Each structure stands twice: as structure tokens, then as C-alpha cells.
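# Observations on chain architecture
This is what each chain is made of:
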Amino acid sequence: MNVQQKSFYLSPEAIKDFKPAGQKPAHPNDLAKPLRTNMQKYNMFVPEQLAGRTFPVACVALEITQRCNLDCTLCYLSDLAEAVKDVPLFELERRIEMIHAHYGDNTNIQITGGDPTLRSIPDLVKIVKLIKSRNMRSALFTNGIKASREMLEAMSEAGLNDVVFHVDLTQERKGFQNEKALNEIRLEYINRAEGLPLRVMFNTTVFENNFNEIPMLVSFFADNADKIDLTSFQLQADTGRGVLRERNEQLITQESVMQQLREGTGLDLNYDFPLIGHSDCNKYTSIMVSGKSRTVLFDDRAFFNRLFDMLAKVGDNWAEPNIVIRKAMLKSVTSPALLWGGMKFWLKKAWALKTGLIRGNGLHRLNLFIHNFMDAEKLECERCETCVFMVATADGPLSMCVHNAKRDQMISQPVRDNSGKVLWNPLPEELHHKNLPIKKLKGILRRQEDFKRQRRT
Ligand code: SF4
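This section reports on the structure supplied with the text. Note that this is a predicted model, so its numbers are computed, not measured. Residue indices begin from 1 for each chain and proceed along its sequence in written order. Residue-level local features of this predicted model are given only where pLDDT is at least 70; pairs of side-chain atoms are given and counted only at 80 or more, and the full residue set underlies all totals for whole chains, interfaces and linings.

### Focus on the overall build of the protein
To keep things clear, this is the line we draw: Numbered from the N terminus, helices here are DSSP runs of H or I no shorter than four residues, and strands are runs of E no shorter than two. Atoms considered for the radius of gyration are the C-alpha atoms alone. The globule rule reads 2.2 Å times the number of residues to the power 0.38. Note on burial: count the other C-beta atoms lying within 10 Å of the residue's C-beta; 20 or more is buried, 12 or fewer is exposed, in between is partly exposed, and C-beta positions come from the backbone.
Looking only at helices and strands, the protein has 16 helices and 13 strands in total. At 22 Å, the protein has a C-alpha radius of gyration in line with the 23 Å of a compact globule built from 457 residues. Counting only C-alpha atoms, the protein reaches 70 × 50 × 50 Å along its principal axes. A buried classification covers 43% of the 457 residues belonging to the protein.

This is how it looks when you write it as C-alpha cells:
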């Protein structure tokens, strides 16, 4: 099928013209307005919708390097990734200020790449401190290979909030044949972060080779819910330099992955509320865990709608979900408007978790997220305009899916001052990928060069 025939996909010209939001916000006194307006435009600003109501953006990626020490088969980075230079600290500081101007206090910033741990510990500490000094939250996104205890300690001391480990079969780690075997690495990473004031999370890319193992994986995460806060499953997308391309649509859909999560948790999970942005992009739910006892958190829509509404009005810090949940628990039994619903809700939960609670296992929450990135040539305008996951570019925030579709263009742009003078050029001529040795090439380029070399010998 010629994808351009589908009118709702952005054409190559429209992708080119889809510009970052600029340095300054359009509505400095109402930062959630741009997202809220777009949600309203597409009739998505329903009572269950948190985007544009309790936050102006879910998170912003700050890509501090394009280099990586792996070569994933579904890598979203582009051909020039290994050729461009790391973003210098002065430019990162400018982007952090720009993120704050657009989204304000408590914004979640993903320190990411490439793999950000390829930068020095002093650089990483400085970046975390810059984010913290603007009263925002930071998360380190890494494959974990270089995220030593020393690095995690230094970053957490500087104010890092979360660490998110990406571990799965797309990384082709030597000696690991399946996801179950990779649990050894996951446990090692959990131990590495143990005792530090960090929320630990895991990312998993879903593709044909690990789809059947999702129930096992989610059960593993639930068994470790006392140490893990969130697990995100990201569906295969045809974008970037990875050698695997389009997903098997017969097998991998939001619905089929939701079903795998239901099977793995043994719970009838509900993804209808709360909503975080476009429902074709994000599915979110949460379970409560006490030892081997588990129950769904969100199963009383009317009660949660009233609760979220109340919390949104008092302007709570939604970037700190644990604090919000604690406050919500308190509010649900102290506010007269919620008292009856709250008592009923918590009694039901306590009953469902009684075995674990009686055994003294404590109460834990595990967030389950499904993120559905779009293929680079199938960007839906509606989803791009209601995007809750932005990238901090030199010219302002831009939807991650749009950024992925024109990565080489975005990452190689020189940074200029107001007069147009070039302050930093990520890609001087001599650094073009054509001049890189084969060992520095990744993804499709690497496979092509390998193929050519084999043919020559
Ligand atoms: S990055 Fe893409 S899939 Fe994710 S919220 Fe934005 S538009 Fe949707």
C-alpha cells in the first residue's frame, strides 16, 4: 500500500514543516493550554484525561549524546548518530531552561541518548544539578552497561529521581537466548540501584521474538514490585537505523499486548482510565501488590474521576506519583465528598490483598505502561498534535515521533544565536558518517557495509 494515499498520514513535506514549538511558550500563564487545546480539538479532553489537565506534558527527552554501546535491532537512532558530537553543556543548559519555560516546575526530563552513560560522571552530575536547580525531575535512561554503582550514587546525590533500564532481546546481548535469561541482568541492575533514593523502572521493546514472553516478564516485574516502580512496553516501530522494520500487525497490537499483561498479572486490567494523551499512543494502568497478592488499582471510574478532579484543582505535583497517591489515599478518607467511595474502595483493596498484607509484605504499586510509537512514514497528524512525549531540540520541544522521522536533519543542525551566528556545529564536514570506520557504523549502514566487504573478499 502506498502510505501517502492515506490522507491522515503526514506527507514528507508536512513532516519537514512540522516545526518545534520555539524557545518561548505561547501561553506563559497557562502552560497546559497548547496540549489541552489540541486534546479538545480532537474531542479527547474527557474527564478521564490527565493530559492538559494535570500536566502540560508527560515527559521531555534531553538527548545528551547520540552515541551508543549497543546496536539494537530496533534502534530509533539515525545514520548520523555515531558521527555527530555530544551536545555541549552550555547548549544542554539552554535546552533545560527552554523546557522549564514551556512546561514549568516538576516536569519529567529524560536524560537519554544514545546511551547517556557514555558521557563522563562529572557531566552527568552537572546535568542532573541543572535540572534540579530549575525545580524539575530527572530520569536516567540507559541500557545499564556503564551505569555503575559509582555513577548511580553520584547522580542520585546530585538529585536524580529515576533510573530507567532498557533490557530486552532486541539488544542481542551475548549469551542470552530469551527474556527469561535476561532476568539475570534485570536483577543485577535492581541490586545496583538498591538503597539509593531512586525509582527503578524498566523498558522493553515488544517484537515477534519476545511477544510470547510478556506474561512471564510482567509476572517477574510484579514479583519485584517492592523495588520496581514502572515497566513500559514499547511496540516495535518502523523508524530509525534498526535492521528490523515493520511490526507483525497480526501479532503485535495495543490490544494483544494489553492481553499479555492481563495474563501475566492474572488480573482483569482496565485501560479505560486514567488516560494519558492519545489512546492510540499510550495505555496506562497500575496494580497494587503485596507479596504474591495483586489487585487492580483503577477499577472505580466515578471515584477516581472525582479524586483526580479534586487533586487537579489543588495543583498537586503530578510528577511525583507516589506523593500524589499518598495524598489521594488520605484525601479519599478525609474529604466528605469522597469519604463513602474512599472507604468502600480501600476496604475492597485490603480484602483483595489480605494474604500478602497479613504476612507483612507491605503495600506496593506497579505502573504498567504501553507506548505505541508510530512508523516514520505513517505519522498521524492527530497523534503528533496531541503528543505528550517531546524531545528538546535546539529550536524548542518537538513530538518524539516527528523527531524520529527526521532525526538526521534534527541532530545535525548547527546551533545559532539570535543574530544567526553558529555557536556549535554538531556535524563538521570531516565527521560525516561516510568518513567513519566500519566499527563505528550501526544498524542498517553497518549491515550494508559488512555485506559490501563480504562481497569484495
Ligand atoms: S511520541 Fe509518538 S506515540 Fe508517543 S505520544 Fe508522541 S505522538 Fe504518540
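### Observations regarding the site of the ligand
Heads up, the condition is: Proximity of a residue to a molecule or strand is defined by its backbone-placed C-beta atom lying within 6 Å of that partner. When residues are sorted by character, Ala, Val, Leu, Ile, Met, Phe, Trp, Tyr, Cys and Pro go into the nonpolar class, Asp, Glu, Lys and Arg into the charged class, and all the rest, Gly among them, into the polar class.
Around the ligand sit 15 residues, and of these C281, C387, F389, M400 and C401 come closest. Here the residues of the shell around the ligand sort into nine nonpolar, five polar and one charged.

### Observations concerning the sheet that holds strand β7 (residues 282-290)
Rules: When DSSP finds at least two bridges between two strands, those strands are taken to pair. Axes here refer to lines fitted to C-alpha atoms; in helices the fit is confined to the stretch in contact. Angles between the N-to-C directions go from 0 to 180 degrees.
The 11 strands are arranged β8-β7-β9-β6-β5-β4-β3-β2-β1-β10-β11 in an open sheet whose pairing can be described as mixed. Unpaired on one side and paired on the other, β8 (293-296) and β11 (396-399) mark the two borders of the sheet. Across the sheet, the axes of successive neighbouring strands diverge by a mean angle of 25 degrees, strand direction being ignored. Where strand β3 (residues 137-142) meets strand β4 (residues 162-166), four bridges bridge the pair, whose relative direction is parallel. Bridging from a neighbouring strand, L140 pairs with V163 of β4.

### Quick look at the pairing of strand β9 (residues 364-371)
Remember that side chains alternate between the two faces of the sheet whenever the strand is regular. Relative to β9, strand β6 (residues 230-235) is paired through five bridges, and the arrangement is parallel. Within β9, the residue paired with L230 across the bridge is N367. In this sheet, β9 lies alongside β7 in antiparallel orientation, the contact comprising eight bridges. Residue pairing for β9: M288 is matched across the bridge by R365.

### Describing the environment of Q234
What counts, and what does not: By the criterion used throughout, residues are in contact when their C-beta atoms, derived from the backbone, lie within 7 Å.
Assignment of secondary structure puts Q234 in strand β6. In this structure Q234 comes out as buried when scored by C-beta crowding, with 21 C-beta atoms within 10 Å. Sequence spacing of Q234 and I370 is 136 residues, and the spatial spacing of their C-alpha atoms is 5.9 Å. Once residues lying within four places of it in the same chain are set aside, the contact partners of Q234 are N203, T205, V206, H371 and F373.

### Details of the environment of K439
With respect to the secondary-structure elements, K439 resides in the loop between β13 (422-424) and α16 (443-456). For the pair K439 and E449, spaced 10 residues apart in sequence, the C-alpha to C-alpha distance is 10.0 Å.

### Focus on the pairing of strand β2 (residues 108-112)
Quick note on the threshold: A crossover gets the label right-handed when its path from the first strand over the helix to the second runs clockwise, viewed with the strands pointing away from the viewer.
With five of its five residues buried, β2 lies for the most part within the structure. Of the two faces of β2, the one holding N108, Q110 and T112 and the one holding I109 and I111 are both buried throughout. Across four bridges, strand β1 (residues 59-63) lies against β2 in parallel orientation. Counted as the bridge partner of L62 is I111 from β2. In this structure, β2 lies alongside β3, joined through four bridges in parallel fashion. Among the inter-strand pairings, Q110 is bridged to a residue of β3, identified as A139. Traced from β2 through helix α4 (residues 121-133) to β3, the parallel crossover comes out right-handed.

### Regarding helix α8 (residues 254-265)
Defined as follows: Here, expected helix span is obtained from the residue count minus one, scaled by 1.5 Å. Directions pointing from the helix axis toward each C-beta atom define the arc.
An ideal rise of 1.5 Å per residue puts 16 Å on 12 residues; α8 measures up with 17 Å between its terminal C-alpha atoms. Looking only at α8, the buried set comprises V257, Q260, L261, G264 and T265. Along the axis of α8, the buried residues cluster in a sector spanning 125 degrees; they form a single face. The inward-facing, buried residues of α8 contact β5 (199-206), α7 (214-223), β6, β7, β8 and β9.

### A few points about the nonpolar core
Defined as follows: As used throughout, a nonpolar core is a set of buried Ala, Val, Leu, Ile, Met, Phe, Trp, Tyr and Cys residues joined through C-beta atoms within 7 Å of each other.
One finds V57, V60, L62, L140, V163, F221 and C401 to be the most contacted residues of the largest nonpolar core, which totals 103 residues. If you tally residues by element for this core, the top one is α7, at six residues.

### A short note on the packing of α4 against helix α5 (residues 149-158)
Operational definition: Here is the rule for angles: anything less than 35 degrees is roughly parallel, anything more than 145 is roughly antiparallel, 65 through 115 is roughly perpendicular, and the remaining ranges are oblique. By convention the crossing between two helices is left-handed if the near helix lies anticlockwise of the far one by an angle smaller than a right angle, and right-handed if it lies clockwise.
Running from amino to carboxyl end, α4 crosses α5 at an angle of 25 degrees, the nearest separation of the two axes being 8 Å. Comparing the axis directions of α4 and α5 gives the class roughly parallel. Of the two elements, α4 crosses α5, and the hand of that crossing is right-handed. Where α4 approaches α5, its residues I121, L124, V125, V128 and K129 are matched on the opposing element by M151, A154, M155 and A158. Its residues assigned to classes, the contact of α4 with α5 shows eight nonpolar, no polar and one charged.

### Digging into unusual backbone geometry
For the bond from G113 to G114, the omega torsion is 20 degrees, close enough to zero to count as cis. Mapped onto the fold, G114 is located in the loop between β2 and α4. In this structure, P274 follows F273 across a cis peptide bond, with omega equal to -10 degrees. Structurally, P274 is set in the loop between α8 and β7. A positive phi angle, near 55 degrees, is found at N43, a position not held by glycine.

### Points about the packing of α7 against α8
As a packed pair, α7 and α8 sit with axes 7 Å apart at the nearest point and diverge in direction by 50 degrees. Relative to α8, the element α7 lies oblique. Crossing handedness for the pair α7 and α8: right-handed. Residues I214, P215, M216, L217, V218, S219 and A222 of α7 touch α8, and the partners they reach there are V257, Q260, L261, E263, G264 and T265.

### Points about the environment of I109
Inspection of the secondary structure puts I109 in strand β2. Residues I109 and L62 lie 47 residues apart in sequence; the distance between their C-alpha atoms is 6.6 Å. Once residues within four sequence positions are removed from consideration, I109 is found in contact with V60, L62, I99, I131, M136, R137 and S138.

So yeah, pure geometry; function would need other evidence.
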